[in-house]
Amino acid sequence: MIDLQSPPEPEQTLSLQEEGDLPTDFNSTDLPTEAPPEEESEEEFVTEYPEEPDDRRVEEPKDADEPTDGQAPTTGSEDSPAEGFVRTTPALPRVIALANQKGGVGKTTTTVNLGAALADLGYRVLLIDLDPQGNATTGLGINHHDLDVTIYNVLLQDVNLDECVEPTEVKGLFIAPASLDLAGSEIELVTAFSRESKLKRALDEVIDDYDYVLIDCPPSLGLLTVNALVAATEVMVPIQCEYYALEGLGQLTRNVDLIRRNLNASLEILNIVLVMYDGRTKLGEQVSDEVRGHYGSRVCRVVIPRNVRLSEAPGFGQPITTFDPSSRGAVAYKELAREVSGVS
């Protein structure tokens, strides 16, 4: 008869060792333990931007032990356009094409407001509106319906560029306005003689009258953009701080290389500007880190924040520097003008 109140007999079950499943010298510490899951660090995407060192030159190799062509680099990203690039401030006059085949990334906003900020620094600035939408023209208070001569006449009818240049309300800032006729100019230029160099030949006649020429390109890689790239000495690429804006950057880089090899040997992407930056979002920081990691010192230190006053200014036909000089957008473009021009 079983005593229900008696305690259970100890070690009624066989251990694994007794069953022969483990060696006699087994130590419990040898059992693998599951590593605790790593916590996602909030610092993974934290960027030091915008406080970067003033010295933005890429350090050149110092000795023969560093990797050469054909060797994998020990640090940094592979095949990065930033490698070996040294940022310099070119001599005046400078012709800058603001290009990006994606629309809505801030090309026109940057052209108008950077031009106004450079004019405020005392430079003579000419804006050339090559976008058939003509937003840079209306953004400076000029009605293209009232104009007899526009950049269309310069490209297709060989009119002198001086004849279409219009003054603006900003001292030292001028514009070669666009018209709706530019929408069909791509087709008309197809049969034109030396079609890629139309703008360059017209600009060469007046280039000595200006310190900066900023060309607002259409959101495409057609003949109008090719004309701008052939006429320019450098390229500025505004990039919206969203992933879709990054997709076409590689294609634009390849097209710039193609123009450099065949039509304009001095052309180079010197400035990449991050626009519509929202520091409250992780996405803005991630895009900023990715672009800076790949393009290095080509990316401007100053970023343009998302600011409602920048969107309101074109409706009043004014650049942000006159519409609201104390706004965050105005301050950012003034700082960008100083960085681009090399003014301390």
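Our subject in this report is the structure included herewith. Given the structure is predicted, the values throughout are model-derived calculations rather than measurements.

Some points on the overall build of the protein chain
Tallying secondary structure elements over the protein chain gives eleven helices and seven strands in all. For the protein chain, buried positions account for 45% of its 344 residues. Taking the intrachain contacts of the protein chain between residues at least 6 apart in sequence as the baseline, contacts between residues at least 24 apart amount to 78%. For the protein chain, the accessible surface area stands at approximately 19200 Å², while carbon and sulfur atoms represent 49% of it.

Regarding the side chain of Asn 271
Tracing the backbone through its elements, the reader meets Asn 271 in strand 7 (residues 269-275). The exposure class of Asn 271 is buried, given its relative accessible area of 2%. Beyond its immediate chain neighbours, meaning those up to four positions away, Asn 271 contacts Arg 87, Arg 94, Glu 234, Val 235, Met 236, Val 237, Arg 298, Cys 300 and Val 340.

Some details on the layout of surface pockets
Quantified by volume, the second largest pocket comes out at close to 500 Å³. Taken together, 29 residues line the second largest pocket, and the ones lying closest to its centre are Gly 106, Lys 107, Thr 108, Thr 109 and Met 276. At the level of elements, helix 1 (107-120), helix 2 (135-139) and helix 9 (308-312) are the ones that each hand at least two residues to the lining of the second largest pocket. The element best represented in the lining of the second largest pocket is helix 1, accounting for five residues.

Structural notes on the packing of aromatic side chains
Within the structure shown, the criterion is met by three aromatic pairs. Judged by centre distance (5.1 Å) and plane angle (80°), the ring pair of Tyr 123 and Tyr 212 falls under edge-to-face. Separated by 89 residues along the polypeptide, Tyr 123 in the loop between helix 1 and strand 2 (125-129) and Tyr 212 in strand 5 (residues 212-216) bring together distant segments of the chain. Residues Tyr 123 and Tyr 212 agree in their burial class; the two are buried. Look at Phe 174 and Tyr 210: their rings are 6.0 Å apart centre to centre, the planes differ by 65°, and that puts the pair in the edge-to-face class. Of the two residues, Phe 174 sits in strand 4 (residues 173-176) while Tyr 210 sits in the loop between helix 5 (198-204) and strand 5, which places them 36 residues apart along the sequence. A single burial state applies to Phe 174 and to Tyr 210, both of which are buried.

Thoughts on the packing of helix 1 against helix 11 (residues 328-341)
The packing of two helices is summarised by the inter-axis angle and the distance between the axes. Viewed as axis vectors pointing N to C, helix 1 and helix 11 meet at an angle of 75°, and their least axial separation amounts to 8 Å. When the axes of helix 1 and helix 11 are compared, the pair comes out roughly perpendicular. Here helix 1 contributes Thr 109, Thr 110, Asn 113, Leu 114, Ala 117 and Leu 118 to the contact with helix 11, which in turn contributes Tyr 333, Lys 334, Leu 336, Ala 337 and Ser 341. Taken together, the residues of the contact of helix 1 with helix 11 sort by class into six nonpolar, four polar and one charged.

Structural notes on helix 11
Given a rise of 1.5 Å per residue, 14 residues ought to cover 20 Å, and the 20 Å separating the end C-alpha atoms of helix 11 matches this to within 8%. Residues of helix 11 that are buried: Gly 329, Ala 330, Ala 332, Tyr 333, Leu 336, Ala 337, Glu 339, Val 340 and Ser 341. At the C-terminal side of helix 11, Gly 342 shows a positive phi close to 80°.

Topic: the nonpolar core
Ranked by internal contacts, the top residues of the largest apolar core, which has 54 residues, are Ile 128, Ile 151, Leu 161, Leu 203 and Ile 215. Per-element tally for this core: the top contributor is helix 6 (residues 223-231), with seven residues. Among all residues touching Leu 161, those that are not within four sequence positions of it are Leu 126, Ile 151, Val 154, Ala 176, Ala 202, Leu 203 and Val 206. Core analysis: the next-biggest nonpolar cluster, separate from the first, contains 36 residues, Leu 98, Leu 114, Ala 136 and Val 340 among them.

Quick notes on the pairing of strand 1 (residues 94-98)
Counted residue by residue, strand 1 has five buried out of five residues, so it is predominantly covered. Covered by surrounding structure in strand 1 are Arg 94, Ile 96 and Leu 98 together with Val 95 and Ala 97, the residues of both alternating faces. Where strand 1 lies against strand 5, five bridges are found, and the strand directions are parallel. Counted as the bridge partner of Ile 96 is Leu 214 from strand 5.

Some details on the pairing of strand 5
The buried fraction of strand 5 amounts to five of the five residues, a majority that puts the element mostly inside the structure. Of the two faces of strand 5, the one carrying Tyr 212, Leu 214 and Asp 216 and the one carrying Val 213 and Ile 215 are both buried. As judged from the five bridges shared by strand 2 and strand 5, these two strands associate in the parallel manner. Paired with Asp 129 across the strands is Asp 216, a residue of strand 5.

The rules behind each value
Positions within a chain are numbered from 1, following the residues in the order the chain's sequence is written. With the structure being a predicted model, the display of local features is reserved for residues of pLDDT at least 70 and the display and counting of side-chain atom pairs for 80 or more, all residues being used for whole-chain, interface and lining totals. With hydrogens and water set aside, each side-chain value is computed from the structure's full complement of heavy atoms. Only DSSP runs of H or I with at least four residues qualify as helices, and only runs of E with at least two residues qualify as strands; both kinds are numbered from the N terminus onward. With a 1.4 Å probe rolled over the protein chains alone, any residue whose accessible area is under 20% of its type maximum counts as buried; one over 50% counts as exposed, and the rest are partly exposed. In what follows, residue pairs with any heavy atoms lying within 4.5 Å of each other are defined as contacts. Exposure was quantified through the Shrake-Rupley algorithm and a 1.4 Å probe, taking into account, for residues, occlusion by the shown protein chains and nothing else. Two kinds of site are reported from a 1 Å grid over the protein atoms alone, namely cavities, where a 1.4 Å probe fits but cannot get out, and pockets, open sets with protein on both sides within 12 Å along at least five of seven lines, and residues are called lining when an atom falls within 4 Å of a point. Grid points are joined across faces, edges and corners, and a volume is the space filled by probe spheres set on the points. Between 30 and 60 degrees the pair is tilted, below 30 it is stacked and above 60 it is edge-to-face, where a pair is any two Phe, Tyr or Trp rings, Trp via its six-membered ring, whose centres lie within 6.5 Å. Axis angles are defined between N-to-C directions and span 0 to 180 degrees, where every axis is a line fitted to C-alpha atoms and, for a helix, only to the segment in contact. Orientation is classified from the angle alone, with under 35 degrees giving roughly parallel, over 145 giving roughly antiparallel, 65 to 115 giving roughly perpendicular, and any other angle giving oblique. Gly is put with the polar residues, along with every residue not named as nonpolar or charged; the nonpolar set is Ala, Val, Leu, Ile, Met, Phe, Trp, Tyr, Cys and Pro, and the charged set is Asp, Glu, Lys and Arg. Take the residue count of a helix, subtract one, and multiply by 1.5 Å to get its expected span. Buried Ala, Val, Leu, Ile, Met, Phe, Trp, Tyr and Cys residues that are joined via side-chain atoms within 4.5 Å together make up what is termed a nonpolar core. By the convention used here, strands pair only if DSSP detects at least 2 bridges between them.

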